[in-house]
Amino acid sequence: MLKLTLLRAQRPVRFPLLATGSWAGLRFNSSTGKGKDPRDSKDCKDCKDSKDSKDPKDSKDYNVPLRDLENFSPDLSSRVSNPSGSLPGMNQEILDLMKHPKVVYNPANNKDETRYEFHAPKTPKEEYKEAIKNKVQGSSKIKKLLPSLLLGAGFLWVIYTYDYFTREKDPYRDTDSSLLREDKFLPYLVSFKYRIDDSHYLIELTRKNRARKLIHNQRLFNGDKIWSIEIAKPDINITRSYTPLPLFVAGFDPLTQEPHLRLVSKAEQEGKFILIVKRYPDGEFSRWLTGLGLLQEIKVRGPIQDYKFRFHPLDHYQARPQLGNTLERTEPDHEYPGHLPKPENFVFYGAGTGILPFLQVLYSPNPPKGITEAFVSVHSESNLMGQLRTLNYFAEKCGRVKFHYLVEDQNQHLSSNDIPSPTFPHFTGAKDLKISEEVYRYKLLQEKKAEVRRQVEGDPIKKPDDSTSVSPSSVSYGSPGPNDIPNLDFSKIKPDNAYQQFRFLRGKKELPPPSLAFVCGPDGYIDFVSGKPNLNNTEMKDMGPIGGLLKEKGWTENNVKRLVGL
Ligand SMILES: Cc1cc2nc3c(=O)[nH]c(=O)nc-3n(C[C@H](O)[C@H](O)[C@H](O)COP(=O)(O)OP(=O)(O)OC[C@H]3O[C@@H](n4cnc5c(N)ncnc54)[C@H](O)[C@@H]3O)c2cc1C
């Protein structure tokens, strides 16, 4: 029992018993049950609890025989059994605390919603995470993104380093994204080869890995200049120039192997072009080039500009539509402002492969806006592919060019009759702009005057020579002309294509005089037509005087351009 009492005495709720110094509670007679158990007291709630749960009689933990407890009678004279007399007094703070009235906790009164839950302290890891979170929350957006940016930059750096080192290891790897570069030879593949005749070959070249290079949208062909490429023969370290045409092979005839050629007119068709190569029996380069097999790789550099057309104010307006693969597909020319100078007209003299520079600009997007008269000298009919002739015919029917084919085998030769006299260019400078404006104003004035006169005199009956009327003599049995269609106001008709526009609205019998002559072909031909070129100067500029057929008709160094070496 003493043991039990001492144990209880250690619990704070028992202190009131000890504090009063009363040990009466221990003096109850357990056998009779007459003594007063202090735990029965109403004042002591804890004691009750304790009684309910910790009755020594019920407890098996307390190894005190019941008999001993009944016989327990402390000696009150002893210091041990009467400790109140000599034990030290209670600590005052504790006594104050005990005097403090007990308050029963009612959650309904907890207006502040104070919680009395126990939270486990944070682990060091959690504390570290929270510290970082607080740091980031207070910083700017860039600071927040900094780790991601650094990670991304690191990733890119790894890729770049990998690319750099692998590129160094493989010198033949094609890393250039251009279709063509003037300062560097790039790999091309022979994608088609066709023998036109004994000495002429058609070769289609395709940029290696072309699909990947097309994303840069590089357009090679533009009719505002004549350009060529240089092909390298690595084993003997020589290069030769060739003139690419904006054509590609869309298919071929399985019987004759003749290719179906299409014009390069869209960005996605770029990266392919054809060459017409003449094979010289003693020409090492041309023999090597025409002897290449399919998918063999060659190195190509370009575009090398051979001639750039002079500026004209109409260059600021819409380009002339590119020639179509069929006649009806060529869009009509745009109407240009009347007060501007008219486009320039040319004459072109080409022999053999010397005609190719002119075909290049004629087939390209943005071809020259004027009309060109072209004299083509060939050894035999077979030298020029039928398909190229067809395209030339389309261009003729759209009023862009007039071709004259002179075939040596048929004894057709160029003569002074084929040389027109030169005229002044329509545009040479700002002065011409003023003149053409004045001319245009005068023309408008004349038209207005004529209209007023007609109104004053009353609506006249149409004259027989009016283009919209029909006279019996004008009816022909060939293809219809403007005179064959009665009472049509052609000025109000919108043509569907360039052919309709030229045939019905613009068709002129007379070719306008040219202001510039091109001569291109072998040395002998150039000499015969325009005199000997002289490139013996540091700029490699043609300083040779004009001679030959052109000189006879009054052409000079100012209006003749010789393209040498073709
Ligand atoms: C800007 C430019 C564009 C060119 N475009 C083309 C083209 O599209 N297609 C094409 O086939 N060639 C073109 N050439 C010519 C081409 O560059 C070579 O000169 C030609 O292929 C001959 O080279 P080769 O090495 O086989 O002959 P070479 O070894 O140079 O000459 C071999 C023999 O052939 C004769 N010969 C060489 N060239 C000519 C010629 N043009 N006319 C007459 N005889 C000649 C020489 O007198 C010589 O006896 C172009 C030249 C230039 C400058």
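Residues numbered from 1 in each chain as written. Predicted model: local features only at pLDDT ≥ 70, side-chain atom pairs only at ≥ 80, totals over all residues. Heavy atoms only, no water.

Trainee: For this particular structure, what's the right way to read the UniProt feature "binding site: FAD" (unreviewed entry) in the protein?
Mentor: According to UniProt, the positions carrying the feature "binding site: FAD" (unreviewed entry) are Ile276, Lys278 and Ser286. With respect to the element layout, isoleucine 276 can be found in strand S7 (residues 272-278). Ignoring any residue separated from it by four or fewer positions in sequence, one finds isoleucine 276 in contact with Ile196, Tyr201, Leu202, Leu245, Thr353, Leu356 and Leu388. Tracing the backbone through its elements, the reader meets lysine 278 in strand S7. The class of lysine 278 is partly exposed, set by a relative accessible area of 22%. (UniProt positions renumbered as here; feature names shortened; annotations may be inferred. Helix = DSSP H or I, 4+ residues; strand = E, 2+ residues; numbered from the N terminus. Contact = heavy atoms within 4.5 Å. Buried < 20%, exposed > 50% of the residue type's maximum accessible area, 1.4 Å probe, protein only.)

Trainee: For this particular structure, what's the right way to read the sheet that holds strand S12 (residues 516-521)?
Mentor: Neighbouring strands of a sheet are bound in pairs by backbone hydrogen bonds; such pairs are parallel or else antiparallel. What the five strands build is an open sheet, ordered S11-S10-S9-S12-S13; its pairing is parallel. Looking at which strands have only one partner, the edges of the open sheet turn out to be strand S11 (401-407) and strand S13 (560-564). Each strand axis lies, on average, 15° off the axis of its neighbour in the sheet, ignoring direction. The sheet contact formed by strand S10 (residues 372-378) and S11 spans seven bridges and is parallel. For valine 378, the partnering residue across the bridge sits in S11 and is valine 407. The sheet contacts of helix H14 (residues 523-530) involve strand S9 (346-351), S10, S12 and S13, and relative to S12 the element is tilted by about 155°. (Pairing = 2+ DSSP bridges. Axes fitted to C-alpha atoms, helices over the stretch in contact; angles between N-to-C directions.)

Trainee: Can you help me understand the side chain of arginine 207 in this one?
Mentor: Mapped onto the elements of the fold, arginine 207 is located in strand S2 (residues 200-207). We classify arginine 207 as buried; its relative accessible area is 1%. Only 3.2 Å separates the side chain of arginine 207 from the backbone oxygen of proline 187, close enough to count as a polar contact. Apart from the residues within four sequence positions on either side, arginine 207 is in contact with Asp174, Asp176, Ser178, Leu179, Leu186, Pro187, Tyr188, Lys213 and Gly271. (Polar contact = N/O pair within 3.5 Å; in protein donor to acceptor, adjacent residues only side chain to side chain.)

Trainee: Explanation requested: the packing of aromatic side chains in the structure shown.
Mentor: Using the criterion set out here, one finds 17 aromatic pairs in the structure. Here tyrosine 307 and phenylalanine 309 contribute two aromatic rings whose centre-to-centre distance is 5.3 Å and whose plane-to-plane angle is 85°, an arrangement assigned as edge-to-face. By the burial criterion, tyrosine 307 is buried, and phenylalanine 309 matches it. These aromatic residues form a ring-pair network of at least three members: Tyr307, Phe309, Phe346, Phe348, Phe358, Phe403, Tyr405 and Phe518. Positioned above the aromatic ring of tyrosine 405 is the side chain of arginine 389, whose terminal nitrogen or guanidinium carbon lies 4.3 Å from the ring centre. (Phe/Tyr/Trp six-rings, centres within 6.5 Å; stacked < 30°, edge-to-face > 60°. Lys NZ or Arg CZ within 6 Å of the ring centre and 35° of its normal.)

Trainee: Explain the site of the ligand here, please?
Mentor: Taken together, 21 residues sit near the ligand, with Ser241, Tyr242, Lys278, Tyr280 and Ser286 positioned nearest. For the ligand, an oxygen atom lies 2.7 Å from a polar atom in the side chain of tyrosine 242. For the ligand, whose unbound accessible area comes to 910 Å², protein coverage reaches 74%. Counting only elements with at least two residues in the shell around the ligand, the list comes to strand S4 (238-242), S7 and helix H9 (284-290). A domain split of the shell around the ligand shows at least three residues from each of domain 3 (179-308) and domain 4 (311-430 + 491-566). (Near = heavy atom within 4 Å. Areas by Shrake-Rupley, 256 points an atom, 1.4 Å probe, with all protein chains shown as cover. Domains from an automatic or database assignment.)

Trainee: When you look at the sheet that holds S4 in this model, what are you seeing that I'm missing?
Mentor: Spatially, six strands are ordered S4-S3-S8-S1-S2-S7 in an open sheet, and the strand pairing comes out antiparallel. Of all the strands in the sheet, just S4 and S7 have a single pairing partner and so form its edges. Put simply, the sheet's adjacent strands are angled 40° from each other on average, direction ignored. For strand S1 (residues 186-195) and S2, the ladder comprises seven bridges, and the chain directions are antiparallel. Among the inter-strand pairings, valine 190 is bridged to a residue of S2, identified as leucine 205. Sheet contacts for helix H10 (residues 356-363): strand S3 (225-233) and S7; angle to S3, the most-contacted strand, approximately 120°.

Trainee: Would you take a moment to explain the pairing of S1 for this structure?
Mentor: The side chains of a regular strand alternate, first on one face of the sheet and then on the other. Of the strand pairs in this sheet, S1 and strand S8 (residues 297-308) are connected by four bridges, and their pairing is antiparallel. Bridge pairing in S8 places proline 187 opposite lysine 299. The hairpin turn running from S1 into S2, its antiparallel successor, is four residues long.

Trainee: What am I meant to see in unusual backbone geometry here?
Mentor: It is generally the case that most residues other than glycine have a negative phi and that most peptide bonds are trans. In this structure, the amide linkage connecting glycine 302 to the following residue, proline 303, adopts the cis form with an omega of -10°. Here proline 303 lies in strand S8. Not every positive phi belongs to a glycine, and asparagine 209 is a case in point at roughly 55°. Its location among the elements puts asparagine 209 in the loop between S2 and helix H8 (210-213). Backbone geometry places glutamine 257, a non-glycine residue, at a positive phi of 70°. Mapping glutamine 257 onto the fold places it in the loop between strand S5 (247-252) and strand S6 (259-263). Classification of glutamine 257 as partly exposed rests on a relative accessible area of 38%.

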